[in-house]
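# Structural overview
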Amino acid sequence: MTIATSTKPQINWVNTLFFIALHIGALFALVPSNFSWNAVGVALLLYWITGGLGITLGFHRLVTHRSFQTPKWLEYFLVFCGTLACQGGPIEWVGTHRIHHLHSDTQTDPHDSNKGFWWSHMGWLIYQSPAHAEVPRFTKDISEDSVYQFLQKYFILIQVALGLLLMYLGGWSFVVWGIFVRIVWVYHCTWLVNSATHKFGYRSHESGDRSTNCWWVAVLVFGEGWHNNHHAYQYSARHGLEWWEIDLTWMTIQLLQLLGLATNIKLATKKQ
């Protein structure tokens, strides 16, 4: 006799309640007394620092794919910026993304786009994922590094410290815009790479999955929207391969190269 067992995923209540709290906090931006152009400016600056320099340049192209190299102090700085995005610690983020590339758009992909837009956008984050148990196997190059361990363990406290600094510098409006609005904005921009660029746009390469090139996502996430290019050439530091595919992160890498701070840059060398 076969006994049926439920495979329904369990809700991750820590993540779910955390996301709810952040979105509620962002709604305080609608209160007129919480608005100031200085606060908006802080949010935009932190959007670039945490989403552009941190997640896109640091977590993704530098550490996850090792598409170029930097001095260790600069790597740590970029990873610190990524930690300020509050998308989990760097070890967890890098490991999960490497798993995604290995199993892209299959059942073992943490944010398999075959399960629908909502799932690949953020649904996968509010359920317990078996991918978490696999992260150590995919992060052996960074998991023993004491700086990465510190940032992984204390990323929430680091965010609290930033909030206190913003409170000191500009009061509650700086906290609302620089923490809540900025984190929620960067969250959804980052998540669009998992969802929108596996649904909307065009395909230049046969990459073995549903990845697409989506110009408006590329605008929001500093060049990450050229996702089909990226899945075809995961090692490439440049994602926008055509002249019209503007890639601000690639421009940043070129600037670092000019300054002698980016070396061993890997690029796509052939067409598929």
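As the structure is a prediction and not an experimental result, all values here were calculated from the model.

### A short note on the packing of helix H4 (residues 90–102) against helix H7 (residues 146–170)
Here H4 crosses H7 at 95°, and the two axes come no closer than 7 Å. If you check the angle between H4 and H7, you find them roughly perpendicular. Counted together, Pro 90, Ile 91 and Glu 92 of H4 and Tyr 148, Gln 149, Leu 151 and Gln 152 of H7 form the full contact between these two elements. Taken together, the residues of the contact of H4 with H7 sort by class into four nonpolar, two polar and one charged.

### Quick word on helix H6 (residues 131–138)
Buried residues of H6: Ala 131, Val 135 and Phe 138, and no others. Down the axis of H6, the buried side of the element spans an arc of 75°, and every buried residue falls inside it. For H6, exposure combined with an orientation more than 90 degrees from the buried face picks out Ala 133, Pro 136 and Arg 137. Tucked into the core, H6 has its buried residues touching H4.

### What to know about unusual backbone geometry
Backbone geometry at Asp 105 places phi at a positive 60°, although glycine is not the residue there. If you trace the backbone, Asp 105 turns up in the loop between H4 and helix H5 (117–121). Judged by relative accessible area, Asp 105 falls into the buried class, the value being 11%. At Phe 222, a residue that is not glycine, the phi angle is positive and equals roughly 60°. Examined against the element boundaries, Phe 222 turns out to sit in the loop between helix H9 (215–220) and helix H10 (227–232).

### With respect to the packing of helix H1 (residues 13–27) against helix H8 (residues 172–195)
The N-to-C vectors of H1 and H8 enclose an angle of 120°; their axes lie 8 Å apart at closest approach. With respect to each other, H1 and H8 are oriented oblique. In this structure, H1 meets H8 at a crossing whose hand is left-handed. Contacts from Phe 18, Phe 19, Ala 21, Leu 22, His 23, Gly 25 and Ala 26 in H1 reach Val 176, Phe 180, Val 181, Ile 183, Val 184, Tyr 187, His 188 and Trp 191 in H8. Broken down by class, the residue content of the contact of H1 with H8 amounts to twelve nonpolar, three polar and no charged.

### As for the UniProt feature "transmembrane region" (unreviewed entry) in the protein
In the numbering adopted here, UniProt assigns the feature "transmembrane region" (unreviewed entry) to residues 12–31, 37–59 and 150–168. Helix and strand shares over residues 150–168 are 100% and 0% respectively, and the end C-alpha atoms of the span are 25 Å apart.

### Some remarks on a nonpolar patch on the surface
A cluster of nonpolar residues, Ile 11, Trp 13, Leu 17, Ile 20, Ile 24, Phe 28, Val 31, Met 167 and Trp 172, forms a patch on the protein surface that exposes about 840 Å² of accessible area. By residue number, the principal contributor to the nonpolar patch is H1, which donates four residues. By secondary structure assignment, the location of Trp 13 is in helix H1.

### Comments concerning H1
For H1, built from 15 residues, the straight-helix expectation of 21 Å at 1.5 Å per residue is met to within 8% by its first-to-last C-alpha distance of 21 Å. Residues of H1 that are buried sit in contact with H8. The backbone nitrogen of Val 14 has a side-chain oxygen 3.2 Å away, supplied by the residue at the start of H1, namely Asn 12.

### Some words on the packing of aromatic side chains
Enumeration according to the criterion identifies 17 aromatic pairs in this entry. With 5.0 Å between their ring centres and 50° between their planes, Phe 150 and Tyr 154 make a pair best called tilted. Taken together, the residues span about one helical turn, with Phe 150 and Tyr 154 both in helix H7 at a distance of four residues. Following the ring pairs from residue to residue traces out a cluster consisting of Phe 18, Phe 19, Tyr 187 and Trp 191.

### Topic: the side chain of His 198
Relative to the assigned elements, His 198 resides in the loop between H8 and H9. The class for His 198 is buried, based on a relative accessible area of 3%. A polar atom in the side chain of His 198 sits 2.9 Å from the side chain of Asp 105. Setting aside its immediate chain neighbours within four residues, His 198 contacts His 100, Ser 104, Asp 105, Ser 113, Val 193, Arg 210, Ser 211, Thr 212, His 227 and His 231.

### Observations concerning the nonpolar core
Counting residues in each nonpolar core, the largest one holds 67 residues, and the members touching the most others are Leu 166 and Trp 177. Looking at this core, the elements that each hand over two or more residues are H1, helix H2 (37–64), helix H3 (72–83), H4, H6, H7, H8 and helix H11 (248–258). It is H8 that contributes the most residues to this core, 15 residues altogether.

Thresholds applied
- Residues numbered from 1 in each chain as written.
- Predicted model: local features only at pLDDT ≥ 70, side-chain atom pairs only at ≥ 80, totals over all residues.
- Heavy atoms only, no water.
- Axes fitted to C-alpha atoms, helices over the stretch in contact; angles between N-to-C directions.
- Helix = DSSP H or I, 4+ residues; strand = E, 2+ residues; numbered from the N terminus.
- Parallel < 35°, antiparallel > 145°, perpendicular 65-115°, else oblique.
- Contact = heavy atoms within 4.5 Å.
- Nonpolar A, V, L, I, M, F, W, Y, C, P; charged D, E, K, R; others polar.
- Buried < 20%, exposed > 50% of the residue type's maximum accessible area, 1.4 Å probe, protein only.
- Arc of directions from axis to C-beta.
- Left-handed = near helix turned anticlockwise from the far one by under 90°.
- UniProt positions renumbered as here; feature names shortened; annotations may be inferred.
- Patch = residues over 30% accessible without salt bridge, like charges linked within 9 Å, V, L, I, M, F, W, Y side chains within 5 Å.
- Areas by Shrake-Rupley, 256 points an atom, 1.4 Å probe, with all protein chains shown as cover.
- Salt bridge = Lys/Arg side-chain N within 4 Å of Asp/Glu carboxyl O.
- Expected span 1.5 Å × (residues − 1).
- Polar contact = N/O pair within 3.5 Å; in protein donor to acceptor, adjacent residues only side chain to side chain.
- Phe/Tyr/Trp six-rings, centres within 6.5 Å; stacked < 30°, edge-to-face > 60°.
- Core = buried A, V, L, I, M, F, W, Y, C linked by side-chain atoms within 4.5 Å.

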